[in-house]
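Read off the chains here:
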Amino acid sequence: MNGEQAIIQERKAQLRLRMSGVRGTLPPEQHREYSEMACARAAGWLSHNHIRSMLVYVPFRSELDTKPLIEQAWQKGIAVYAPRCRREDCSMTLHRLRSWDELDAGSYGILEPNPLVSPAASEEFVPEAIFTPGMAFDRAGGRLGYGGGYYDRLHARIPFSEGAGKLPVWAGIGFEIQVVEEVPMEKTDARLQVLITEAGCLQINEEAEDGTDAF
Ligand SMILES: Nc1nc2c(c(=O)[nH]1)N(C=O)[C@@H](CNc1ccc(C(=O)N[C@@H](CCC(=O)O)C(=O)O)cc1)CN2
Ligand SMILES: Nc1ncnc2c1ncn2[C@@H]1O[C@H](COP(=O)(O)OP(=O)(O)OP(=O)(O)O)[C@@H](O)[C@H]1O
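Treat the numbers as computed from the prediction; the structure is a model and nothing was measured.

With that out of the way, let us pick up the site of ligand 2. Not every one of the 15 residues close to ligand 2 is listed here, only the nearest: Lys-12, Arg-16, Arg-143, Gly-145 and Tyr-150. With respect to ligand 2, the backbone of Tyr-150 contributes an N or O atom lying 2.9 Å from an oxygen atom. One nitrogen or oxygen atom from the side chain of Asp-189 is found 3.0 Å from an oxygen atom belonging to ligand 2. Its free accessible area being 650 Å², ligand 2 has 75% of it covered by the protein chains.

Listed below in C-alpha cells is the structure:
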C-alpha cells in the first residue's frame, strides 16, 4: 500500500465511524416512508429503462428497506437476484430470488438466498441493473460500504465475464441523510452511475477527475 492509499483508507475509516450511526437515527415511521419512496423511484427507473433483471441487496441493520422494490419487481416479472457472501475471499455469488422463503440467515447475519433452494447463477451471468447498499454516497457516484470490498470485487469481475453482453447499470439506493459532500475514493473503487434516494433519482454522467474507474 502506498502513502496516498493509506491516507484514503484512513479517511474512509473516519467517514465509516461518522456515518455508522446516521441511518439508525431515522424514526421507524420515516424509515418506512423513505424506503417506500426510494423503492417507488427505483421501480419507476427500472420501467423507464426497460430493465428485466436486477441484483439487489436484502437489508440488514438499519439499511433502507428494499423489500417494496423486490415485490414490485416480482409483480412486473423482472428477474430478482440477491447476493450471497463468501467470506473466505470476499466474493459474492448471485442467486435468483423468487420468494421470501428462499432466504436464510447467512454471513454477518444478513438474510441471503439458501443455495440449496436457489443455486448460484453461473459466473458469466450479468444482471441488467445492480443496486448497491452503502453507508454513505456522494453525488459524483462515490460509495462507502462496510469495507469488505465485496461490490468492488464484483465490479472487477463483471466486465471481464466471458460472453458478457450488455454491462449492468450500477445504482446506489439509500437515504438522503447518507449523502455526503465527498466519499474518499481509491483507484480500485468504481463509481455508481445512478443514485436513488427518497428525494430523487440522480443520473451521474460526469467523468471522474481523480482517475477512478466508472462502474
Ligand atoms: N444488505 C447488505 N448485504 C451485503 C452488504 C451490505 O452492505 N448490505 N455488503 C456490502 O459489501 C456485503 C457484506 N459486507 C459486510 C462487511 C462487513 C460487515 C461487518 O459486520 N463488519 C464488522 C467488522 C468486521 C467483521 O465482523 O468481520 C462490523 O461492521 O462491525 C458486514 C457486512 C455483501 N452483502
Ligand atoms: N477488485 C478488487 N480486488 C481485490 N481487492 C479489492 C478489490 N477492490 C477492492 N479491494 C480491497 O477491498 C478492501 C475494501 O475496499 P473498500 O474499503 O472500498 O470496501 P467497501 O466498498 O467499503 O466495501 P463493500 O463493497 O464490501 O461494501 C480494500 O482493502 C481494497 O483494496
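Next comes the rest of the description.
Turning next to helix H3 (residues 67-76). Every buried residue of H3 is accounted for by Leu-69, Ile-70 and Ala-73. For H3, the buried positions fall inside an angular range of 100° around the axis, keeping them on one side. Check the buried side of H3 and you find it contacts helix H2 (28-48), strand E1 (53-56), strand E2 (79-86), strand E6 (129-132) and strand E9 (169-173). Of the residues one or two after H3, Gly-77 is the one with positive phi, at around 75°.

In the neighbourhood of ligand 1, 14 residues make up the surrounding shell, with Val-58, Arg-61, Glu-63, Cys-85 and Pro-133 lying closest. Between ligand 1 and Val-58 there is a distance of 2.7 Å, counted from a nitrogen atom to a backbone nitrogen or oxygen. Within the side chain of Arg-61, an N or O atom sits 2.7 Å from an oxygen atom of ligand 1. Its free accessible area being 680 Å², ligand 1 has 71% of it covered by the protein chains. Counted by class, the shell around ligand 1 contains 11 nonpolar, no polar and 3 charged residues.

Let us now look at the pairing of strand E3 (residues 91-96). Here 6 bridges tie E2 to E3, and the two strands are oriented antiparallel to one another. By the bridge assignment for E3, Pro-83 is matched with Leu-94. Hairpin geometry of E2 and E3 is characterised by an intervening segment of 4 residues between the two adjacent antiparallel strands and by a positive phi of about 55° at Cys-90.

Cut-offs used in this document
- Residues numbered from 1 in each chain as written.
- Chains lettered and ligands numbered in written order.
- Predicted model: local features only at pLDDT ≥ 70, side-chain atom pairs only at ≥ 80, totals over all residues.
- Heavy atoms only, no water.
- Near = heavy atom within 4 Å.
- Polar contact = N/O pair within 3.5 Å; in protein donor to acceptor, adjacent residues only side chain to side chain.
- Areas by Shrake-Rupley, 256 points an atom, 1.4 Å probe, with all protein chains shown as cover.
- Buried < 20%, exposed > 50% of the residue type's maximum accessible area, 1.4 Å probe, protein only.
- Helix = DSSP H or I, 4+ residues; strand = E, 2+ residues; numbered from the N terminus.
- Arc of directions from axis to C-beta.
- Contact = heavy atoms within 4.5 Å.
- Nonpolar A, V, L, I, M, F, W, Y, C, P; charged D, E, K, R; others polar.
- Pairing = 2+ DSSP bridges.

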